[in-house]
Amino acid sequence: MSKKFFRSPRATVVIGAAIAAMVAGMPSLAAAQQPAADNMNIERAKILVQPGVFGVFTMFKLRPEWSRVAAAERMKAANEVKQLIEKHKNNVLVDVYLTRGLETGSDFFFRVHAYDLAKAQTFMRQFRSTSIGRNADVSETLVGLTKPLNYITKTDSPGLNAGLSSASYTGPAPRYTLVVPVKKSAEWWNIPVDQRLREMEAHTAPTLAYLVNVKRKLYHSTGIDDTDFITYFETNDLGAFNNLMISLASVPENKYHVRWGSPTVLGTIHSPEEVMKALAE
């Protein structure tokens, strides 16, 4: 599986590779994989492909009284968030997604990347002090960490690895994003590693056809959150994504899930400024 993940049609991965990467033991990261805490200039193209990066997903639901705030004040509040993102651009990478109209539990969510989790916490804390932040309640928070690929590697599964690595996203620029948290059972973690590999090879094979129209990024959460993995997806073809998920629900490995979604969060992709302006309308 290619380790690259960009918001361009040329970067691609799917949930089959996502959960394939989930199942093995989690190797420790070399300190050199992360920039020094005092030298954390954020470059989007780098931080989205590097291991050792924290991802914080925070879903918000606007309070009813937000609609009673004067229109001019709501637009001013949108600009306040824009300025906050600019202030923190050298510490965190901030993406914001619009879920209003598609979700019951949220209106928007943040995906914040940082080399230092405390920097992400500082950004989110200061967002809660903005006008929009004060008028919204958190409906879900997920925290994970990026790591190198563990399974379906060139060594352990060369054939599938070649298939994953050679495929390219060819669809239109993604318009939709989905976040699916995953929790595995204790039984899963206690079966032999070679058996887990066989399970994941059977799991990954039917997903190869979807590499052309679904992209994903994986975050490890065991021990730092109440889930094991956060799978993040982008696609322009929700029908293909639906078929992908059906294919994954049909493999034996699915029996080891104790959480798959709950919530599954569906949103649309925009710039942070566009999302905030939409919420201010």
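Here, every reference points to the structure presented above.
Residues numbered from 1 in each chain as written. Predicted model: local features only at pLDDT ≥ 70, side-chain atom pairs only at ≥ 80, totals over all residues. Heavy atoms only, no water.

Chemist: Describe the overall build of the protein, listing the residues and the values that go with them.
Modeler: The number of helices and strands found in the protein is ten helices and nine strands. A total of 281 residues make up the protein; the buried ones form 51% of that total. Accessible area for the protein stands at about 12,200 Å²; split by element, carbon and sulfur atoms hold 52% of it. (Helix = DSSP H or I, 4+ residues; strand = E, 2+ residues; numbered from the N terminus. Buried < 20%, exposed > 50% of the residue type's maximum accessible area, 1.4 Å probe, protein only. Areas by Shrake-Rupley, 256 points an atom, 1.4 Å probe, with all protein chains shown as cover.)

Chemist: Would you mind going over the pattern of salt bridges in detail, with residue names and values included?
Modeler: Enumeration according to the criterion identifies 14 salt bridges in this entry. In this structure, Asp 107 and Arg 100 form a salt bridge, with 3.1 Å as the shortest nitrogen-oxygen distance. Judged by relative accessible area, Asp 107 falls into the buried class, the value being 3%. Residue Glu 140 is joined to Arg 259 by a salt bridge in which the shortest nitrogen-to-oxygen separation is 3.4 Å. (Salt bridge = Lys/Arg side-chain N within 4 Å of Asp/Glu carboxyl O.)

Chemist: Explain the side chain of Asp 228 to me, using residue names and the numbers behind them.
Modeler: Within the element layout of this structure, Asp 228 appears in the loop between β6 (214-220) and β7 (229-235). By relative accessible area, which is 2% here, Asp 228 ends up buried. In terms of polar contacts, Asp 228 uses its side chain to reach the side chain of Thr 222, at 2.7 Å. Setting aside its immediate chain neighbours within four residues, Asp 228 contacts Val 182, Lys 183, Lys 184, Trp 189, Tyr 219, His 220, Ser 221 and Thr 222. (Polar contact = N/O pair within 3.5 Å; in protein donor to acceptor, adjacent residues only side chain to side chain. Contact = heavy atoms within 4.5 Å.)

Chemist: Outline unusual backbone geometry, supporting the account with residue identities and numerical values.
Modeler: Following Ser 262, the chain continues into Pro 263 via a peptide bond in cis, with omega recorded as 10°. Following the sequence through the fold, Pro 263 ends up in the loop between β8 (257-260) and β9 (265-269). In this model, Ser 262 sits at a positive phi of 55°, which is unusual for a non-glycine residue. Note on placement: Ser 262 falls in the loop between β8 and β9.

Chemist: Now, about the packing of aromatic side chains: what can you tell me, with residues and values included?
Modeler: As enumerated under the stated definition, the model contains 14 aromatic pairs in all. On the basis of an interplanar angle of 70° and a centroid distance of 6.1 Å, the ring pair of Phe 108 and Phe 110 is categorised as edge-to-face. Overall, Phe 110 belongs to the buried group, its relative accessible area being 0%. Every member of this aromatic cluster is reached through a ring pair, and the members are Phe 57, Tyr 97, Phe 109, Tyr 219 and Tyr 232. It is Arg 111 that lies over the ring of Tyr 232; its NZ or CZ is 3.8 Å from the centre. Taking NZ or CZ as reference, Lys 215 lies 5.3 Å from the ring centre of Tyr 169, over its face. (Phe/Tyr/Trp six-rings, centres within 6.5 Å; stacked < 30°, edge-to-face > 60°. Lys NZ or Arg CZ within 6 Å of the ring centre and 35° of its normal.)

Chemist: Residues and numbers for helix α8 (residues 193-204), please.
Modeler: Its twelve residues place the ends of α8 16 Å apart at the C-alpha level, agreeing with the 16 Å of an ideal helix rising 1.5 Å per residue. Considered for burial, the residues of α8 that qualify are Arg 196, Leu 197, Glu 199, Met 200, His 203 and Thr 204. Buried residues along α8 cover an arc of 165° about the axis, so they all sit on one side. (Expected span 1.5 Å × (residues − 1). Arc of directions from axis to C-beta.)

Chemist: Please provide a residue-by-residue account of the nonpolar core, values included.
Modeler: Ranked by size, the top nonpolar core spans 28 residues in total, and within it Phe 108, Phe 110, Phe 123, Phe 127, Ile 132 and Met 276 carry the most contacts. At the level of secondary structure, the elements contributing two or more residues to this core comprise β1 (54-62), α3 (71-87), β2 (93-98), β3 (108-114), α4 (117-127), β4 (136-145) and α10 (272-280). Here the element with the most residues in this core is α3; it accounts for five residues. In this structure, Phe 57, Phe 109, Tyr 219 and Ile 230 belong to the second largest nonpolar core, which totals eleven residues. (Core = buried A, V, L, I, M, F, W, Y, C linked by side-chain atoms within 4.5 Å.)

Chemist: Before we move on, can you summarise the pairing of β2 with the specific residues and values?
Modeler: Among the six residues in β2, six count as buried, and that is most of the element. Side chains Leu 93, Asp 95 and Tyr 97 project from β2 onto one buried face, and the interleaved Val 94, Val 96 and Leu 98 project onto a second face that is buried too. Direction of pairing for β2 relative to β3: antiparallel, over a ladder of six bridges. By the bridge assignment for β3, Val 94 is matched with Val 112. (Pairing = 2+ DSSP bridges.)

Read these as layout, nothing more, since geometry by itself doesn't imply function.
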